[in-house]
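# Fold and geometry: a report
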Amino acid sequence: MNPVERPSRRIVADPDTVERDLTRLVLTVVELVRQLVERQCVRRMEQGDLTDDQIETLGVTLMRLEEAMGDLCDRFGLTPQDLNLDLGPLGTLLPTND
């Protein structure tokens, strides 16, 4: 009998792309947290838990964060789609606009 081949558990890092890959991972985590915070803000706003000033502050903050994310993606040659990791049978990490 032939032994069953096991998948390698080693990480193969390409020195030419490691910075971009690490940046992609970090920006993916930041984007996930940004979207979660945005959803929580919308929920709190809909429940009436926030004052008008708090809503204004959160809105401006979230817009600036989204703009900063876009700038960082541009700087590292990434698109928003690049940040959406494929989790196999679970689907994608971030919701899509489909």
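No experiment lies behind these values; they were computed from the predicted model shown.

### So, the environment of glycine 77
Take glycine 77: it is sitting in the segment after helix H2 (52-75). When the C-alpha atoms of glycine 77 and arginine 20 are compared, they prove to be 8.5 Å apart, with 57 residues separating the residues in sequence. Setting aside residues no more than four positions away along its own chain, glycine 77 makes contact with Arg20 and Asp82.

### Looking at the pattern of salt bridges
Under the criterion given, the structure shown has three salt bridges. The residue aspartate 82 makes a salt bridge to arginine 20 at a minimum N-O spacing of 3.9 Å. Of the two residues, aspartate 82 is situated in the segment after H2 and arginine 20 in helix H1 (residues 18-47); the sequence distance between them amounts to 62 residues. The exposure class assigned to arginine 20 is partly exposed, which follows from its relative accessible area of 36%. Among the ionic pairs, glutamate 31 bridges to arginine 34, the shortest N-O distance being 2.8 Å. On the criterion of helical spacing, the pair formed by glutamate 31 and arginine 34 is a turn pair, its members being three residues apart in helix H1. Residue classification places arginine 34 among the buried residues on the basis of a relative accessible area of 7%. Because the salt bridges share partners, they merge into one network encompassing Glu31, Arg34 and Glu38.

### With respect to a nonpolar patch on the surface
A contiguous nonpolar patch, built from Leu22, Leu25, Val26, Val29, Val30, Val33, Val37 and Leu65 and spanning about 630 Å² of accessible area, is present on the exposed surface. By residue number, the principal contributor to the nonpolar patch is H1, which donates seven residues. Inspection of the secondary structure puts valine 37 in helix H1.

### Side note on the side chain of asparagine 84
For asparagine 84, the location among the structural elements is in the segment after H2. A relative accessible area of 17% places asparagine 84 in the buried class. Within the local environment of asparagine 84, its side chain forms a polar contact with the backbone nitrogen of leucine 93, the two atoms lying 3.3 Å apart. Excluding anything up to four places from it in sequence, asparagine 84 contacts Thr92, Leu93, Leu94, Pro95 and Thr96.

Here is what the cut-offs are and how they apply
Residues numbered from 1 in each chain as written. Predicted model: local features only at pLDDT ≥ 70, side-chain atom pairs only at ≥ 80, totals over all residues. Heavy atoms only, no water. Helix = DSSP H or I, 4+ residues; strand = E, 2+ residues; numbered from the N terminus. Contact = heavy atoms within 4.5 Å. Salt bridge = Lys/Arg side-chain N within 4 Å of Asp/Glu carboxyl O. Buried < 20%, exposed > 50% of the residue type's maximum accessible area, 1.4 Å probe, protein only. Patch = residues over 30% accessible without salt bridge, like charges linked within 9 Å, V, L, I, M, F, W, Y side chains within 5 Å. Areas by Shrake-Rupley, 256 points an atom, 1.4 Å probe, with all protein chains shown as cover. Polar contact = N/O pair within 3.5 Å; in protein donor to acceptor, adjacent residues only side chain to side chain.

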